[in-house]
Amino acid sequence: MILLSVGLAVAACAAPRLISPVAPLRVESFAAPPPGSDPNSCWGKDVSPAVLETVTEEILVQPAQISSDGTVLSEPIYKRETRQAIVTERRELWFETPCQDQLTPDIIASLQRALKARGLYTGALSGQMDGPTRAAIRRFQAREGLDSSILSLWAARKLGLVAIARGSP
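Everything numeric in this text was worked out from a predicted model, so none of it was measured.

Participant: Help me understand the overall build of the protein in this model?
Facilitator: When helices and strands are tallied, the protein shows four helices and seven strands. Beginning at the N terminus, the succession of helices and strands in the protein can be written as α-β-β-β-β-β-β-β-α-α-α. When the 169 residues of the protein are sorted by exposure, 27% land in the buried category. Summarising the internal contacts of the protein: among those between residues at least 6 apart in sequence, 50% fall at separations of at least 24. Accessible surface, the protein: about 11,700 Å² in total, of which carbon and sulfur atoms supply 58%.

Participant: Is there a simple way to think about the state of the cysteines in this case?
Facilitator: The term disulfide refers to a covalent linkage connecting the sulfur atoms of a pair of cysteines. Applying the stated criterion across every chain yields a total of one disulfide. Here cysteine 42 connects covalently by a disulfide to cysteine 99, the sulfurs 2.0 Å from one another. Taking the sign of the S-S torsion, 105° for the link of cysteine 42 and cysteine 99, the bridge is right-handed. With a gap of 57 residues between them, cysteine 42 in strand β2 (residues 42-48) and cysteine 99 in the loop between β7 (91-97) and α2 (105-117) connect regions that are remote in the sequence. Take cysteine 42 and cysteine 99: they sit in the same class, and that class is buried.

Participant: Explain the confidence of the model for the protein to me, please; I cannot follow it from the model alone.
Facilitator: Any residue range with low pLDDT should be treated as having predicted coordinates unsuitable for detailed reading. Per-residue confidence for the protein gives a mean pLDDT of 81; residues scoring 70 or more make up 78%. Predicted confidence for residues 1-27 stays below pLDDT 50, and this span has 21 contacts to residues more than four positions away or in other chains.

Participant: Sorry if this is basic, but what is going on with the nonpolar core here?
Facilitator: It is characteristic of soluble globular proteins that their nonpolar side chains tend to be buried jointly. Leu111, Leu115, Phe140, Leu151, Leu159 and Leu161 are the most contacted members of the largest nonpolar core, which has 15 residues in total. Mapped by element, the contributors of at least two residues to this core are α2, α3 (131-142) and α4 (153-158). Ranked by the residues each element gives to this core, the list is headed by α2, at four residues. When residues no more than four places from it in sequence are discounted, the contact partners of leucine 115 are Leu120, Tyr121, Thr133, Ala136, Ile137, Phe140 and Leu159.

Participant: Can you help me understand the packing of aromatic side chains in this one?
Facilitator: Ring pairs (aromatic) are described by centroid distance and by the angle formed between their planes. Evaluated as defined, the whole model comprises one aromatic pair. Relative to tryptophan 154, the ring of phenylalanine 140 lies with its centre 5.9 Å away and its plane at 25°, an arrangement referred to as stacked. Of the two residues, phenylalanine 140 sits in helix α3 while tryptophan 154 sits in helix α4, which places them 14 residues apart along the sequence. Residue classification places phenylalanine 140 among the buried residues on the basis of a relative accessible area of 7%.

Participant: Explain the packing of α2 against α3 to me, please; I cannot follow it from the model alone.
Facilitator: Relative orientation and spacing of two packed helices are given, respectively, by the angle between their axes and the distance between those axes. As a packed pair, α2 and α3 sit with axes 10 Å apart at the nearest point and diverge in direction by 55°. Viewed along their axes, α2 and α3 adopt a mutual orientation that is oblique. In this structure, α2 meets α3 at a crossing whose hand is left-handed. Contacts between α2 and α3 involve Leu111, Gln112 and Leu115 on the former and, on the latter, Thr133, Ala136, Ile137 and Phe140. Considering only residue class, the contact of α2 with α3 consists of five nonpolar, two polar and no charged.

Participant: Where do I start with the side chain of glutamine 141 in this structure?
Facilitator: Tracing the backbone shows glutamine 141 in helix α3. We classify glutamine 141 as buried; its relative accessible area is 1%.

Definitions and limits used
- Residues numbered from 1 in each chain as written.
- Predicted model: local features only at pLDDT ≥ 70, side-chain atom pairs only at ≥ 80, totals over all residues.
- Heavy atoms only, no water.
- Helix = DSSP H or I, 4+ residues; strand = E, 2+ residues; numbered from the N terminus.
- Buried < 20%, exposed > 50% of the residue type's maximum accessible area, 1.4 Å probe, protein only.
- Contact = heavy atoms within 4.5 Å.
- Areas by Shrake-Rupley, 256 points an atom, 1.4 Å probe, with all protein chains shown as cover.
- Disulfide = S-S within 2.5 Å.
- pLDDT = per-residue confidence, 0-100.
- Core = buried A, V, L, I, M, F, W, Y, C linked by side-chain atoms within 4.5 Å.
- Phe/Tyr/Trp six-rings, centres within 6.5 Å; stacked < 30°, edge-to-face > 60°.
- Axes fitted to C-alpha atoms, helices over the stretch in contact; angles between N-to-C directions.
- Parallel < 35°, antiparallel > 145°, perpendicular 65-115°, else oblique.
- Left-handed = near helix turned anticlockwise from the far one by under 90°.
- Nonpolar A, V, L, I, M, F, W, Y, C, P; charged D, E, K, R; others polar.

Structure below.
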């Protein structure tokens, strides 16, 4: 009985921990590219939801009644209306990504090493696309305006993980 409980305790320590990402993932990875793009490429999509605001307004129903000598005979009457207003529209941004079959454990470990060299990743070089790795990808790409935890093809090239074709900028 004691041996069994020790074995369970050791197994619990060896089990992988679930690490929640720093920011909620708002992106999706798609096998099918967006309409009009190269069908042999892979894409990610960043969706920023619309930002709504509740607006309450006082609307004048009846103006104040004022006598000729300036005395207020009756106060103005207002009604209160509440409505939703869109502050920021919903936004969809498609971007090219390395395909899943290219993201081998060796490539992911190289990605983690490149992010660690830039001070963006502090975890182990596990070769796993885990929460801390995705958070570091988001921090790297956010500097260039892409707030996404999916590795873009641009970032993969910038980090030296994907070859750049000759003649490319």
